Every structure is written in C-alpha cells, then in structure tokens.
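Summary of the model geometry
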Amino acid sequence: MDKIKYFFECLIPITACDIKCHYCYVVQRDNRKMRMADMKYSPDYIGKALCQKRLGGIAYFSLCGAGETMMQKELPELMFALLKEGHYVNVTTNGTVTKAFKRIAEIIPAELLRHVQFSFSLHLIELKRLGMVEKFFDNVKFVHSLGCSFLIQVNLCDEYEPLFAEIKQLCLDNVGALPQLAATRDELNLSNDIRLFTHHTKEEYIHNGREFDSPLFDFTMKNFMVKRHEYCYAGKWGGSLNMATGEFRPCYASPITLNLFKDIEKPLKFYSVGHHCRSPFCMNSSHFISFGTIPDYKAPTYFELRNRITKDGWNWINDDMKNVMSQKLYDNHKRDTQYEIFEASCKYYVCLTTSKLKLMIPKSLKKIIKNALHR
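Residues numbered from 1 in each chain as written. Predicted model: local features only at pLDDT ≥ 70, side-chain atom pairs only at ≥ 80, totals over all residues. Heavy atoms only, no water.

1. Focus: the pattern of salt bridges
On inspection of all chains with the given rule, the structure shows 13 salt bridges. As a salt-bridge pair, Arg249 and Glu247 come within 3.8 Å of each other at their nearest N and O atoms. Judged by relative accessible area, Glu247 falls into the partly exposed class, the value being 37%. Each of Glu77, Arg103 and Glu106 takes part in a single network of salt bridges with overlapping partners. (Salt bridge = Lys/Arg side-chain N within 4 Å of Asp/Glu carboxyl O. Buried < 20%, exposed > 50% of the residue type's maximum accessible area, 1.4 Å probe, protein only.)

Next up, the structure:
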C-alpha cells in the first residue's frame, strides 16, 4: 500500500481563463491578465526535482491555476512527470477545456490515470451564459470513464441562491449526487478580519450552505477565522509550491522560502511551521489539516471531505485514491525532536528578520546591492 509522506498545494500562475466569474479571487483582485504562466523549467526536469528519492517518499500534488489550470499547455506533461515518479495528482478545473482532457488521455497510461483526481468547479452562471453546461458534464463523464476520480464543487455566493434547485438536479442527473460546496472569501478586504463574499451574516451563509449537506463546506466553515495554536508540521510534511518557479513556502504566510528546482542535486531540508503560524486561520484547512499536518487536531480525512456516494451506489473517488486520501501524514512520519523544534524556531526567526530588513531597504539600494553581488 502506498504511503503518502507529503502534501503540496501547487500554484500554476496562469491568469488566463475562458470564463469570468465575478466572485473569482483573481477577478476580485483585478489580476485577470489573460497570460499563460512562464514555466521556468520543463515538466521532465520538475519530475526529477520532485522525485521520491529527493523528497523522501510519495506525495500528493494538488495543482491549481490562478486562472484556468487546464489552459496551461504544459499541464498534461507535468501531470505525467509527477505520476511517473509514483506520486498522486489532483487538478482543479472549470471543466471546459476539452482538448486538454483529450491530451491527458492520449499521453498518460490507464494505470496512472487511476492516481488522478479532477476537482471540477461548477460555475453555472457562466456556463449557462456561454452555453457550456453540457460540455462541462461531458468532460466530467469522460475523465470518470478513464478511471480518474473526480469531485464537483460549487462556490457558494449569493447569486447562486435562486439556482440551488437547478444545481442540485443537474448534479443528480449527471453524476448521481449533490456537489460539495466551497466557501468564497472577500478578497478585497486586506485586513486580518477576513470576510465571506456575501451580503448575509456568517450564520445565514452557513445556513444556506447546509442545504447541500456538504462535509467540505461544514469543515471549512468550522475553521473559518479560527486561529490554530497547535504544533503544525506544514513545511516539513508539505506546503505551498509555485510550479513555475520552484519557490516553496511552508504555508502562505510563512517568511521561510526554499527553491526546490534550482539545484536538484542538493538535498532538501524542510522545517515545520511549529507554533509560528502567522495566518489568522488555516487558509486551506480542508487540505492541510485534513491530511494531518496538525497531529493534535483530529479532523475528517481528505477523502471524507470530498467523496460522494451516488444514488447508484458508486463513489466519486476510486479505491486507489481513497487509499491515499484516507491517510494522515502524522501516521507516516516521526514527530519533531526537541532539537528539531529548536532548529525550526531559529530558522523561522532568521527568515522573519531577513524579510523585515528587505522591506526596509529602498528598491534603488537593492538594485545596487544586486549588481555588486553579480560582478
């Protein structure tokens, strides 16, 4: 049985997308530049950089674009490179780029496709406007026919409330179960008082979401704006990785950075976040916490939050993926020793001090220093 040692939440910084949802965080931040990601390294090179031997085990990679992930032309080859190394892959998609699904079917062997999950975001308002509802569900059925796992999720926002009945019926008719729900944040509020993208109160928002009986939504809302104080192994057992540049962070707010792609002959040294989380709450609790980065938090599994059993009795997630998605990272690792806890704390404070100093240096002086170092 494959044991998962790492979870990587991976950004592909593409801002191009073939639909335009008003609640999308890229649209909210006015960053929809319609550009492909500038991938600094080839898929084969990335596969070698992230091989099992270098990482120290099998990883689960969740790939998501800042635009539509499947529009990045290297994506099928990147997936294949990771799968060949024995890893497991999730891809978040709006489900409309049919040619990319066909390309994946062409180049990835059937036995490896069983190690793939597609997280389909159902953006019904845009799909109806563009006449792509049927295309969306055809692509869901296509990847299922290949042996891939899938889930369908809907971003809960006020505009979907009149469409609840239609959303439910579409999903029941096409995939045999209700969709999971994802909470939507107000990305323009830059304070630590992060808010939901809704005119409702938090209580009203949760009440509306419960109509879908979604474990994913319930867990997300349980952790929304709840500061975690337990010892966290994000950083040591995985973290946030930019697939275009190789930049790795233990979590989104960490000052620690490490490039996993620059020198692939160099051994990797990961550090736990520990008690030094700088986020007001775990921004991706349904990923990191459910996979077990906080051993003292007894959460549902990644599988339990995402799977649905259909009216015909089959699972959205196949047995291969169920095996890895039902594991906890803390069962597959040793805990940090007192020395490792001390070492991680020292690393955190050094990186925090360095990042603060960098902010204090004017851009003109940074340029002078950079030029001097490269002479």
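2. Quick notes on the packing of aromatic side chains
The full count for this structure, using the stated rule, is 29 aromatic pairs. For the ring pair Tyr41 and Phe261, a centre distance of 5.5 Å and an interplane angle of 80 degrees mean the geometry is edge-to-face. Here the residue Tyr41 occupies a position in the loop between helix 1 (25-28) and helix 2 (43-49), and Phe261 occupies one in the loop between strand 9 (258-259) and helix 12 (285-291), the gap between them amounting to 220 residues. Clustering of aromatic rings is evident, with ring pairs tying together Phe7, Tyr60, Tyr252, Phe288, Phe291 and Tyr302. Residue placement shows Lys168 over the ring face of Phe212; its charged tip is 5.3 Å from the ring centre. (Phe/Tyr/Trp six-rings, centres within 6.5 Å; stacked < 30°, edge-to-face > 60°. Helix = DSSP H or I, 4+ residues; strand = E, 2+ residues; numbered from the N terminus. Lys NZ or Arg CZ within 6 Å of the ring centre and 35° of its normal.)

3. Re helix 5 (residues 98-107)
Buried residues of helix 5: Ala100, Phe101, Ile104 and Ile107, and no others. The buried side chains of helix 5 occupy one side of the element, clustering within an arc of 140 degrees when seen end-on. Exposed side of helix 5, more than 90 degrees from the buried face: Lys99 and Glu106 are the residues found there. (Arc of directions from axis to C-beta.)

4. Looking at the state of the cysteines
Counted under the stated rule, the structure contains zero disulfides. The thiol of Cys10 is unpaired, and the distance to the nearest cysteine sulfur, on Cys64, comes to 10 Å. In this structure Cys346 is not part of a disulfide, and its nearest cysteine sulfur, from Cys351, lies 11 Å away. You can call Cys346 partly exposed: its relative accessible area is 34%. (Disulfide = S-S within 2.5 Å.)

These figures come from the coordinates and say nothing about function on their own.
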